[in-house]
Amino acid sequence: MALNISESDIAKIVQNVIDAMPKDAAKKVAKPSVRDWDSTQYKGRKLIGIYDDMNEAIIAANAGYKAIRDMSVEQREKIITEIRRLTREEAPMMAQLGVTETGMGRVDHKTAKHILVADKTPGTEDIVASAKTGDNGLTLIEMAPFGVVGAITPSTNPSETVICNSIGMIAAGNGVVFNPHPHAIATSNYAVDLVNRACRLGGGPDVLVCSMVKPTMETAKIMQTSPLIRLLVCTGGPGVVRAVLSSGKKAIGAGAGNPPVIVDDTADIIKAGKDIIDGCTFDNNLPCIAEKEVFAFSNIADQLIGEMLKNGAYKITAEQAAQLNKIVLVEKTTKDGRTVKVVNRDCVGRDAAVLLQKIGVHVGPEVRCIICEADFNHDFVQHELMMPILPIVRVSNIDEAIDLAVKAEHGNRHTAHMHSKNIDNLSRFAKAIETTIFVKNAPSYAGIGFGGEGHTTFTIAGPTGEGITSARSFTRQRRCVMADSFRII
Ligand code: NAD
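Conventions used here
- In every chain, residue numbers begin from 1 and rise along the written sequence.
- Per-residue local features of the predicted model are confined to residues with pLDDT of at least 70, and side-chain atom pairs are confined, for both listing and counting, to 80 or more; whole-chain, interface and lining totals are unaffected and use all residues.
- Side-chain numbers here rest on the full set of heavy atoms in the structure, without hydrogens or water.
- Any Lys or Arg side-chain nitrogen found within 4 Å of a carboxyl oxygen on Asp or Glu counts as a salt bridge.
- Reported domain spans reflect what an automatic or database domain assignment gives.
- Contacts are assigned to residue pairs that have any heavy atoms within 4.5 Å of one another.
- By buried area we mean how much accessible surface two parts lose on assembly, using a 1.4 Å probe and totalling the loss over both.
- Being near a molecule or strand, for a residue, means having at least one of its heavy atoms within 4 Å of it.
- Identification of polar contacts relies on pairs of N or O atoms within 3.5 Å, with a donor-acceptor requirement for protein atoms, meaning one able to donate a hydrogen and the other able to accept it, and with residues adjacent in sequence counted only if both atoms are side-chain atoms.
- Areas reported here follow the Shrake-Rupley algorithm with a probe of radius 1.4 Å; residue values treat only the protein chains shown as occluding.
- Note on conventions: DSSP H or I runs of at least 4 residues are helices, E runs of at least 2 residues are strands, and numbering of each starts at the N terminus.
- Whether two strands pair comes down to DSSP finding at least two bridges between them.
- A fitted line through C-alpha atoms serves as each axis, taken over the contacting stretch for helices, and the angle formed by two N-to-C directions is quoted from 0 to 180°.

Following the criterion strictly, the structure yields 25 salt bridges and no others. By sharing partners, the salt bridges in this structure join Arg45, Glu90, Asp193 and Arg197 into a single network.

Right, let's talk about the domain arrangement of the protein chain for a bit. Split into domains, the protein chain comes out as domain 1 (7-255 + 466-480) and domain 2 (260-454). If you average the C-alpha positions of domain 1 and of domain 2, the two centres end up 29 Å apart. Contacts between the two partners involve 25 residues from domain 1, matched on the other side by 23 residues from domain 2. Of the roughly 2,000 Å² buried between domain 1 and domain 2, counting both surfaces, carbon and sulfur atoms make up 63%.

With that out of the way, let us pick up the site of the ligand. Neighbouring residues of the ligand: 30 residues in total, closest Ser155, Gly237, Arg345, Glu384 and Ile460. Here an oxygen atom of the ligand sits 2.9 Å away from a polar atom, N or O, in the main chain of Thr153. In this structure, Phe458 approaches the ligand through a main-chain N or O atom, which is 3.5 Å from an oxygen atom. For the ligand, whose unbound accessible area comes to 850 Å², protein coverage reaches 87%. Secondary-structure elements contributing two or more residues to the shell around the ligand are helix H8 (217-225) and helix H9 (238-245).

Next up on the list: the sheet that holds strand S8 (residues 209-212). Across a sheet, strands are paired by hydrogen bonds formed along the backbone, either parallel or antiparallel in direction. If you trace the six strands from one edge of the open sheet to the other, you get S3-S8-S7-S6-S9-S10, paired in parallel fashion. Every interior strand has two partners, whereas the edge strands, strand S3 (50-51) and strand S10 (251-254), have only one. Here H8 sits on the sheet in contact with strand S6 (148-152), strand S7 (175-179), S8 and strand S9 (229-235), set at roughly 150° to S6.

Written out as structure tokens, the structure reads:
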């Protein structure tokens, strides 16, 4: 059965993304010097809310939480309005900080991600009370803050996650302590400072969100065990999500993905080729939702590859893929003595041209994605690489495509994509893969509100079920019962 998506709908989606990306963003902001900026200061200005000691940070965030408890929801929303304004203003700068500190991603795309967070992260309107009435009176259910939230954030979207989490957690009435990724600490702390500056401008307490000068596993442990921390929110890979889920506290876990894409022979192949490369190369494949491997019907695979090549892809041979494999994945011995392959951090989020250079191929910046043909067991299919390398596996029918795509996702139940006009195929894959996000006929970023309907988040909580988190995810239900009265009918 054919599903009609009009050309004008497609043009609108693409235009939305282009409009959100300031074209001269990268040029506007000079590369910050590491001498001018670290985890405690930016150009000599002390960052607000940054502590040496985790216990002190928790006490400060708790004082901030108590201060906003006494404020009206309208006042809280004023703080959020200021966070949105500063985030928009400083988006290109934070994007540049993130790329400089981590060496990962792209300034123009990171700028767009910050603007997306500013515009599409829900605020206090997301907190909705409900009521039940009946013969026995009125029962009111309200969504209350937890108190102080302990949040662990990744290196891949550092300031984006700090700001997105802060908007939602503050809208819900909480204070926050962050234990950011050590490789992105200065960028994350700049974002913590931005939230506190916004808080002051909005009439809130001097410090509402806090972070560490030097976050470590030890500071994370203190955070996880402090009685003042009532909720843990963790965005990162499988190791850290496991750690917070075994902490004995209420925890929201947003873990790893390995999103497959199926392209069947009813798809608009021209659009699919472009969409897949656009999504896969967004911020050099750092987003956990980005396309990581393709399962293409054999009868359209050549055409699909042709379209990808027209859109900035560079196809490498099986021999070159084997060479690259040895560079982007490295062997590591686990605690129990097993040898496993892990991604080489020096390759994560790097430009396609930089990765190609490592195998002696020299191309210009017009090449934004490396593609190769691979079989299902290839490391590029099985590992979440987080770099612009996209393996394409040929399949003969929808049964094989779904079977392999589900296996490649490894039960993360995170994100999957499909290009098809066959409603039966789309429905079958959506049911089988059970992911939090399922994007049909669009680049992956449509799944977080970029050219797709719905709010955004940078904390997609599959394992614990909150899904596309927002302010209401950081609340706890409270019930107030007025027996036998207060009905008006
Ligand atoms: P990471 O797993 O290396 O680190 C995440 C955070 O956890 C860091 O702050 C790190 O210091 C900390 N950490 C690691 N082990 C810990 C432990 N045992 N106890 C306490 N803290 C610990 O993450 P990364 O490499 O920066 O990010 C990439 C990973 O995160 C990918 O797997 C990606 O899919 C995932 N991710 C998921 C989402 C989502 O919304 N589901 C969003 C972004 C990234």
